[in-house]
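Per-entry structural report
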Amino acid sequence: MALMTHEGSGLGNSERDLRKICKGAGFGAGIAIHGADAAKSEAAVAAWAKKSVE
């Protein structure tokens, strides 16, 4: 799982790049938060994190 802030690219190539670098690692669903929305995204990130560990 990956948490990224961005300015329009979403997760971009981050997931692909991380899978390539971290061979054999397990990955869950990522979340991309627009940089301008980061300060008001606490609830969305908390919900994502809670779902990710279930």
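In case you missed it, the structure is sitting above this.
A few points on the structure.

Thresholds, definitions, all that
Residues numbered from 1 in each chain as written. Predicted model: local features only at pLDDT ≥ 70, side-chain atom pairs only at ≥ 80, totals over all residues. Heavy atoms only, no water. Helix = DSSP H or I, 4+ residues; strand = E, 2+ residues; numbered from the N terminus. Buried < 20%, exposed > 50% of the residue type's maximum accessible area, 1.4 Å probe, protein only. Contact = heavy atoms within 4.5 Å. Areas by Shrake-Rupley, 256 points an atom, 1.4 Å probe, with all protein chains shown as cover. Lys, Arg positive; Asp, Glu negative; His and termini not counted. Charge placed at Lys NZ, Arg CZ, Asp CG, Glu CD. Pairing = 2+ DSSP bridges. Salt bridge = Lys/Arg side-chain N within 4 Å of Asp/Glu carboxyl O.

1. Quick word on the overall build of the protein
Scanning the protein from N- to C-terminus turns up 2 helices and 2 strands. For the protein, the N- to C-terminal ordering of α and β elements is β-α-β-α. Counting the 54 residues in the protein, one finds 13% classified as buried. Of the contacts formed within the protein by residues at least 6 apart in sequence, a portion of 57% connects residues at least 24 apart. On the protein, roughly 4,000 Å² of surface is accessible, and the fraction owed to carbon and sulfur atoms is 56%. With 7 positive and 6 negative side-chain charges, the protein shows a separation of 9 Å between the mean positions of the two kinds.

2. Structural notes on the pairing of strand β2 (residues 31-34)
Alternating positions in β2 separate cleanly, Ile 31 and Ile 33 being buried on one face and Ala 32 and His 34 remaining unburied on the opposite face. The sheet contact formed by strand β1 (residues 3-6) and β2 spans 4 bridges and is parallel. Note that in β2 the partner of Thr 5 across the bridge is Ile 33.

3. Side note on the pattern of salt bridges
Evaluated as defined, the whole model comprises 2 salt bridges. Between Asp 17 and Arg 16 there is a salt bridge whose closest N-O contact spans 2.9 Å. Here Asp 17 falls in the partly exposed class, since its relative accessible area comes to 31%. Given the relative accessible area of 53%, Arg 16 is considered exposed.

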